[in-house]
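# Understanding the architecture of this molecule
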Amino acid sequence: MLQAGEWAYSETLKEHFMNPKNILQGENTDDFDGVGMEGNLQCGDQMMVVIKVDREKDVITDCQWKTYGCASAIASTSVLSEMVKGRTLDAAFNISPKEVAIELGGLPDNKIHCSVLGDKALRAAINDYYTRNGMTDRVKKEQVKVICQCMNVTDHDIEDAVLEGARTYLELQEHTKLGTVCGQCKDEAEVLLGKYKHIHFGV
Amino acid sequence: MGDMKVYFDHNATTPLHPEVKKEMIAAMEMFGNPSSMHAYGREARANVEASRKSVAEFIGATDEEIIFVGSGSEANNTVLSLFVCATNQCVGGCGMRSTIITTRIEHPCVLETAECLAHRGANVKYLDVDRYGKIDLDQLHGMLGDDVGLVSVMMANNEIGTLQDIEAITKMVHASGAYMHTDAVQAVGKVPVDVRQLGVDFLTISGHKIYGPKGVGALFVKKGVSYCPLIRGGHQERGRRAGTENTLGILGLGRAVEMRTLEMPEEHARMLRLKKALQEGIEAQIDDISINGHPTDSLAGTLNVSFEGVEGEAVLLYLDLEGIAVSTGSACASGSLDPSHVLMATGVDAERAHGSIRFSMGRESTMQEVDYLLDVLPRTIKRIRNMSTAYVKGGVHAASR
Ligand SMILES: Cc1ncc(COP(=O)(O)O)c(C=O)c1O
Ligand code: FES
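Residues numbered from 1 in each chain as written. Chains lettered and ligands numbered in written order. Predicted model: local features only at pLDDT ≥ 70, side-chain atom pairs only at ≥ 80, totals over all residues. Heavy atoms only, no water.

### Here we look at the site of ligand 1
Residue and element names in this part refer to chain B. Within the structure, ligand 1 sits among 14 residues, and Gly72, Ser73, Asp183, Ser206 and Lys209 are positioned closest to it. Gly72 has a polar backbone atom sitting 2.8 Å from an oxygen atom of ligand 1. Against a free-state accessible area of 390 Å², the protein chains account for coverage of 88% of ligand 1. Per-element accounting of the shell around ligand 1 gives the leading share, 3 residues, to helix α3 (residues 72-82). Counted by class, the shell around ligand 1 contains 3 nonpolar, 9 polar and 2 charged residues. (Near = heavy atom within 4 Å. Polar contact = N/O pair within 3.5 Å; in protein donor to acceptor, adjacent residues only side chain to side chain. Areas by Shrake-Rupley, 256 points an atom, 1.4 Å probe, with all protein chains shown as cover. Helix = DSSP H or I, 4+ residues; strand = E, 2+ residues; numbered from the N terminus. Nonpolar A, V, L, I, M, F, W, Y, C, P; charged D, E, K, R; others polar.)

### Description of the interface of chain B and chain A
Between chain B and chain A, the residue contacts involve 31 residues of the former and 35 residues of the latter. The interface formed by chain B and chain A holds 0 salt bridges in total. Summed over the shared surface of chain B and chain A, the result is 9 residue pairs in polar contact (both at pLDDT 80 or more). Broken down by secondary-structure element, the contributors of at least two residues to the side of chain B that touches chain A are α10 (312-321), α11 (331-334), α13 (350-354) and α14 (367-386) of chain B. The element best represented in the side of chain B that touches chain A is α10 of chain B, accounting for 6 residues. Grouping the constituent residues of the side of chain B that touches chain A by class yields 14 nonpolar, 10 polar and 7 charged. (Contact = heavy atoms within 4.5 Å. Salt bridge = Lys/Arg side-chain N within 4 Å of Asp/Glu carboxyl O.)

### Brief notes about the nonpolar core
A general tendency of soluble globular proteins is for nonpolar side chains to be buried together. In terms of nonpolar packing, the biggest core is built from 89 residues, with Ile51 and Leu122 of chain A together with Ile282, Phe307, Phe359 and Leu377 of chain B touching the most fellow members. Considering each element in turn, this core owes the most residues, 10 residues, to helix α5 (residues 112-132) of chain A. Ignoring anything within four residues of it in the chain, the contact list for Ile282 of chain B reads Ile289, Leu303, Val305, Phe307, Phe359, Leu374 and Leu377 of chain B. (Core = buried A, V, L, I, M, F, W, Y, C linked by side-chain atoms within 4.5 Å. Buried < 20%, exposed > 50% of the residue type's maximum accessible area, 1.4 Å probe, protein only.)

### Structural notes on the domain arrangement of chain A
Residue and element names in this part refer to chain A. Its domain assignment divides chain A into domain 1 (11-138) and domain 2 (146-201). The gap between the C-alpha centroids of domain 1 and domain 2 is 27 Å. Facing 7 residues of domain 1, the contacting portion of domain 2 comprises 7 residues. Both sides of the domain 1 and domain 2 interface together cover about 620 Å² of buried area, and 63% of this is carbon and sulfur. Taken together, domain 1 and domain 2 are joined by 0 salt bridges. (Domains from an automatic or database assignment. Buried area = accessible area lost by both parts, 1.4 Å probe.)

### Re the pattern of salt bridges
All names here are of chain B. This structure, assessed with the given rule, holds 33 salt bridges over all chains. Between Glu280 and Lys276 there is a salt bridge whose closest N-O contact spans 3.3 Å. In this pair, Glu280 and Lys276 both sit in helix α9 (residues 247-285), 4 residues apart, roughly one turn of the helix. Judged by relative accessible area, Glu280 falls into the partly exposed class, the value being 41%. A single network of salt bridges, built from pairs that share partners, joins Glu19, Lys22, Glu23, Arg255 and Glu258.

### Section: the confidence of the model for chain B
It should be kept in mind that the predicted coordinates are not to be read in detail where pLDDT is low. All names here are of chain B. In the predicted model, chain B carries a mean pLDDT of 92, and 93% of its residues have values of at least 70. Considering only residues more than four positions removed or in separate chains, one finds that residues 393-401, a stretch of pLDDT under 50, has 18 contacts. Note on the complex model: pTM 0.88, ipTM 0.84. (pLDDT = per-residue confidence, 0-100.)

### Let's talk about the sheet that holds strand β7 (residues 202-206) of chain B
Residues and elements named next belong to chain B. With respect to topology, 7 strands assemble into an open sheet ordered β2-β8-β7-β6-β5-β3-β4, the strand pairing being mixed. The sheet is open, and its two edges are formed by β2 (66-69) and β4 (123-127), each paired on a single side. Looking at each pair of strands side by side, their axes are set apart by 20° on average, direction ignored. Both β2 and strand β8 (residues 217-221) contribute to a ladder of 4 bridges, which runs antiparallel. Across the sheet, residue Ile67 finds its bridge partner in β8, namely Leu219. The strands that α3 touches are β2, β3 (99-103), β5 (148-152), β6 (179-183), β7 and β8; relative to β7, the one it contacts most, it runs at about 160°. (Pairing = 2+ DSSP bridges. Axes fitted to C-alpha atoms, helices over the stretch in contact; angles between N-to-C directions.)

### Topic: the sheet that holds strand β2 (residues 45-54) of chain A
Across a sheet, paired strands are connected by hydrogen bonds in the backbone, their directions being either parallel or antiparallel. Residues and elements named next belong to chain A. The strand order across the open sheet formed by 3 strands is β1-β2-β3, and the pairing between neighbours is antiparallel. Unpaired on one side and paired on the other, β1 (34-40) and β3 (59-68) mark the two borders of the sheet. Ignoring which end each strand starts from, the neighbouring axes of this sheet average 15° apart. Of the strand pairs in this sheet, β1 and β2 are connected by 7 bridges, and their pairing is antiparallel. Bridge pairing in β2 places Asn40 opposite Asp45. This element, helix α2 (residues 71-84), spans β2 and β3 of the sheet and lies at about 175° to β3.

Structure below.
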């Protein structure tokens, strides 16, 4: 007979969940150079990331956070905060959810979506730093492109659907209602579906 | 207290009663097919029928009104499916009655069956519930008509424990000429259930919620109500459920209800004491909480609480690390994206549903366990709130400015 005790999560994730690193204490963010917040409470996930930056070197020296969310959300923000310290702003900006998941020793498929807010919040914090310091030219807006004109579905919506479990075009349609009117968006949607499956799940 | 283990998830499932276990171990040698005429078969048959008698007595039914099935889910699937048959020949008087009424807070095995039947042409209507989880009899009255074949209302809700007045509901339903089913999986063995007093036509029981084995249930079908099996192809259970009987499971279920008969009366008051202590302890030690479910018409061992600013899966897993087992209505723990449909139906907002924890106690639960939980829980909640965007000292949501 198998014994209990095996978690649905990796040991690294469990460790970060049990002993999260770099939690922002209290609510005062004045000492930080950039603040970013993503997600909302209704969906069950919200993350705030705050950073300190060494101006000369363009490097993140401290990263703290608060997270409202499940074990994966808590652990992924914790691990992210460790990953970014000492990185340049550009390098930190490009951290993907997949890297965070790898650092955590893997995440179950249905938990990936719980971890994608951390890097988004980090990018928001970096952009906030740029804005505060008159470097608006460096602010990188996340590009949003409408793929399905009929149903107003964007590439972001497609990415979210993939993170929520859509793997086939049909499932993508169920999630987003994309391609259900004129159908001309199908080819582009399928390319993006493949791309996001590859980015997030390596398939 | 490091090694303390607390199981407060009895609504999910229960451990086998020691007497049930004993009986089942002893019966392991019994392998005969109850349909066989030789000695092996006769032994198995005698035991299956003895269990049937126990289950029947437990709910005030007669033996031939009890059908053993593979689970509570199967029983519920069977009843609902009776009412969507292209021929309409099997269930008497249902010819034109293709509407099914149920509630928004049923177990998924009812809700998803209803949804499937709607795809197959049934007209399904859903009763709303108030903030305590009670259905509105006036709304039911408005829905009833000569198109309604079946009304299915659960007796006790598994998530919030709210009890419905099945007797009153059945009277209304029968007055309109429809049949009445109740999913009593969470009620049986916790509150007295008498099918004659309730008046229902169908009632569902599951073994593993009452210290019996998993994968076995019983369906009560009132005598005279016509019936059509969901699983066909055998004469077992008087042709009402094909498949060689789960003799061991059925034996266990029979013993489980016998033990319930002995233990239930004393247990109720004790459960209420534990729940009161737990609720009062939580209210005294933790701010910004809300109690879900009905204050009085509720299962004695079930307490559902929402903790603001925390997400349920995190609570569940931190408690698990300290040896405490509970469950949550948060989306994350269920692997879906939507929080508890039951809490949402009672009007609880999504955030509170994500932060809900169900404590369900059982026959072996003790005040020491409640005390241990009350020691661990406040610091767990405090710890999670300290790292939550949704809960900072300046007030909930202050961090978002
Ligand atoms: C109210 C209710 N109905 C039905 C069921 C399903 O019973 P079973 O697990 O035997 O299929 C459950 C158990 O989860 C339940 O709580
Ligand atoms: S563009 Fe997507 S359906 Fe028309």
